[in-house]
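Residues per chain are reported as follows:
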Amino acid sequence: MNRNDFDFTHKDTDNEQDLFYTSYTPEKENSAYTSKQEYESVSKRAIEVPLPQRPKLSAVITVGAVLLFFGLMLGLMALGGHFNGYSLVLVQLGGVVILAALSIAAPFIDRHFLKKVCTVRTQGTYVGYDYRVRSSKYGTYNIYAPKYEMFINGHYEIRTLDDFSRDLDFSVKMELLANPDGYEIMPADGSISRSGKRTIIKILIVMAVILFVAMPFLMKRVFLWGII
């Protein structure tokens, strides 16, 4: 026997080093793995609440405004002989203003009714999108709306934000207001939909073009009627 037989310093050090290398897991990797596993588990438990297959109130108002406008124009064509120049111009301008006002007000009306029913604040996580097919003179195209997973009514749900557009630029996380008794969700900041903003811009541009093109003809007609 010698003194080295009772020296455990080197041996203990090796054991500690081995223990360190075999049991250590980087904190970031471990937390990321846990979050991924937890997210997958949550997604499997989430209940998807589909959008009803009916048009939004704003779409109904916009279509109604367009039909009203063209109905008014057809009525003026049929009864044109009963109007003098000034009255005709005023009625036509009135139709343009009514169409523009109703189309611009439609997204704000949507927001008003959403605020009345969406009373629960929650956070949504983007998990996918819904799409619908639209037609144009150039063919068909898709419009998209984001799906968000949220915790509400004691469980996880996946709901679609009824704000369809042609791009897929959606927020990964969003603060939302949700209807606890329905399917509706809306941005928590109370902003109108992106599609509503685009509709307002388009309507303003179209109305400006119509007035710019039609005004000279209308003024000429008023002038001729004044002479007659």
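Our structure is the block above this text.
Residues numbered from 1 in each chain as written. Predicted model: local features only at pLDDT ≥ 70, side-chain atom pairs only at ≥ 80, totals over all residues. Heavy atoms only, no water.

*Asks:* When you look at the pattern of salt bridges in this model, what are you seeing that I'm missing?
*Replies:* Any two side chains of opposite charge can pair, given that their charged atoms come close. Scanning all chains against the criterion turns up 5 salt bridges. Between Lys 147 and Glu 48 there is a salt bridge, and its shortest N-O distance comes to 2.5 Å. Taken as a pair, Lys 147 in strand 3 (residues 139–152) and Glu 48 in strand 1 (residues 47–49) lie far apart in primary sequence, 99 residues in all. We classify Lys 147 as buried; its relative accessible area is 18%. In this structure Glu 48 comes out as partly exposed when scored by relative accessible area, which is 41%. A salt bridge links Asp 167 to Arg 198; the shortest N-O distance between them is 3.1 Å. Taken together, the positions of Asp 167 in the loop between strand 4 (155–160) and strand 5 (173–178) and Arg 198 in helix 5 (residues 194–227) put the pair 31 residues apart, joining distant regions of the chain. (Salt bridge = Lys/Arg side-chain N within 4 Å of Asp/Glu carboxyl O. Helix = DSSP H or I, 4+ residues; strand = E, 2+ residues; numbered from the N terminus. Buried < 20%, exposed > 50% of the residue type's maximum accessible area, 1.4 Å probe, protein only.)

*Asks:* Looking at this model, I keep getting lost on the sheet that holds strand 2 (residues 120–136). Mind explaining?
*Replies:* The strands that make up a sheet are held in pairs by hydrogen bonds between backbone atoms, and each pair lies either parallel or antiparallel. Read across the sheet, 6 strands follow the order 1-4-3-2-5-6 without closing on themselves; strand pairing throughout is mixed. Two strands lie at the open edges of the sheet, namely strand 1 and strand 6 (185–187), each paired on one side alone. Across the sheet, the mean angle separating the axes of adjacent strands is 40° when strand polarity is ignored. Sheet topology places strand 2 next to strand 3; 11 bridges connect them, and they run antiparallel. Across the sheet, residue Tyr 129 finds its bridge partner in strand 3, namely Pro 146. (Pairing = 2+ DSSP bridges. Axes fitted to C-alpha atoms, helices over the stretch in contact; angles between N-to-C directions.)

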